[in-house]
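# Per-entry structural report
The lines below spell out each chain.
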Amino acid sequence: MQKISPCLWFDMNCAEAVNFYVSVFPNSKILATHYYPTDIDFEPFKGMDGKIVTTIFELDGFTFQALDGGETFKMNPSVSFMVNFDPSREKNAQERLDTMWAKLSEGGEVLMPLQEYPFSKHYGWVQDRFGVSWQLIMTDPDGEPRPNIVPSVLFVKEVSGKAESALDYYASLFKNSHLGMVSHYPDGQEQNIKGVMFAEANLDGTWIAAMDGGDSHKFAFNEGISFAIECVDQAEVDYFWNKFVSDGGEESQCGWLKDKYGFSWQVVPKRLGEMMKDPDKGKANRALAAMLPMQKLDVATLEKAYKGE
């Protein structure tokens, strides 16, 4: 079970985007798609009838979620995804990187051109035509292996300089967690950014990277990309929800919240996913309808709605 899954907010083109990614990445597939019911009567979600509330899919074995959310939030490079190409594990690593770069950059925006950098012989950063940002990198064959896809979080503006403390904080919340490499900006560098150039942490089996980006960027964290935590039961939902909120976070709807750094998380019981997969659409839709008005998700209430009680 992947404990943390990034969730991507699309402007009513979720299906097109997910199908595109599955075609670009190897070992990829759509696992499940859930739709809003046609008779939805909860005001914030009226007009979403038949739109995708959640698609769960794998890219090269890494699980993502996606949804049709409309134009309220736009994804931006404050969250990107590092795609590692390891020449020690595959001889045609650079060829594969170039092929993927061509597909992802078509119709998108190049943020850092594909070329050699001090930290990699072959690297580029691109925001694709759907708004998702990708960092494609040839990794060091002598370095410690990492997963093929690693979410990367860029701390900018008022939270710039807090990337390392954020990873420490997240590692303290998730069991079986630890920090990996931490590389700080050198004194006197041209950008005058304080904090880390690159840091990483393993959060209960999921690797997350982070870096500080200074205050010159025009974007910042929003709900366009969030991290969903799959919780085994109500006790774990309560644990994560209460920790984030009591530590300076902010509650929102449908199991969403923002932590003290302004980053968005979804705290979701595994049981809700099981209900949504039920082929009996009546049961699944009742569970969904019960979930929509909630802030922190309550498994017992969801169960009652699911069973029609």
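Residues numbered from 1 in each chain as written. Predicted model: local features only at pLDDT ≥ 70, side-chain atom pairs only at ≥ 80, totals over all residues. Heavy atoms only, no water.

### Some thoughts on the pairing of strand β3 (residues 52-59)
- Taken across its eight residues, β3 has seven buried, putting it largely inside the fold.
- In this sheet, strand β4 (residues 62-68) lies alongside β3 in antiparallel orientation, the contact comprising five bridges. Looking at the pairing, I56 lines up with Q65 of β4.
- In textbook terms, the turn of a hairpin is the stretch between consecutive antiparallel strands, and for β3 and β4 this stretch comprises two residues, one of which, D60, has a positive phi near 50°. (Buried < 20%, exposed > 50% of the residue type's maximum accessible area, 1.4 Å probe, protein only. Helix = DSSP H or I, 4+ residues; strand = E, 2+ residues; numbered from the N terminus. Pairing = 2+ DSSP bridges.)

### Comments concerning the sheet that holds β4
- Across the sheet, eight strands lie side by side as β2-β3-β4-β1-β13-β16-β15-β14; this open sheet has mixed pairing. The open sheet has two edge strands with one neighbour each: β2 (29-35) and β14 (250-251).
- Both strand β1 (residues 4-10) and strand β13 (residues 225-231) contribute to a ladder of five bridges, which runs antiparallel. Bridging from a neighbouring strand, L8 pairs with I225 of β13.

### Some thoughts on empty space enclosed by the protein
- The full count for this structure, using the stated rule, is one cavity of 30 Å³ or more.
- Approximately 40 Å³ is the volume found for the largest cavity.
- If you trace the largest cavity, you find it lined by K74, N76, S78, V79, F221, N222, I225 and F263. (1 Å grid on protein atoms, 1.4 Å probe; cavity = no way out; pocket = protein on both sides within 12 Å on 5 of 7 lines; lining within 4 Å. Points joined across faces, edges and corners; volume = space filled by probe spheres on them.)

### Brief notes about unusual backbone geometry
- Of note, M12 is a non-glycine position whose phi angle comes to about 65°, a positive value.
- Considering the arrangement of structural elements, one finds M12 in the loop between β1 and α1 (14-24).
- The phi angle at D204 is positive, at roughly 50°, despite the residue not being glycine.
- Following the sequence through the fold, D204 ends up in the loop between β11 (196-203) and β12 (206-214).

### Thoughts on the environment of F85
- Its place among the elements puts F85 in strand β5 (residues 79-85).
- On the accessibility criterion, F85 (0% relative accessible area) is buried.
- For the pair F85 and Y123, spaced 38 residues apart in sequence, the C-alpha to C-alpha distance is 9.9 Å.
- Each residue touching F85, except ones within four places of it in the same chain, is listed here: E90, A93, R96, L97, M100, L136, I137, M138 and T139. (Contact = heavy atoms within 4.5 Å.)

Purely geometric numbers; function is a separate question.
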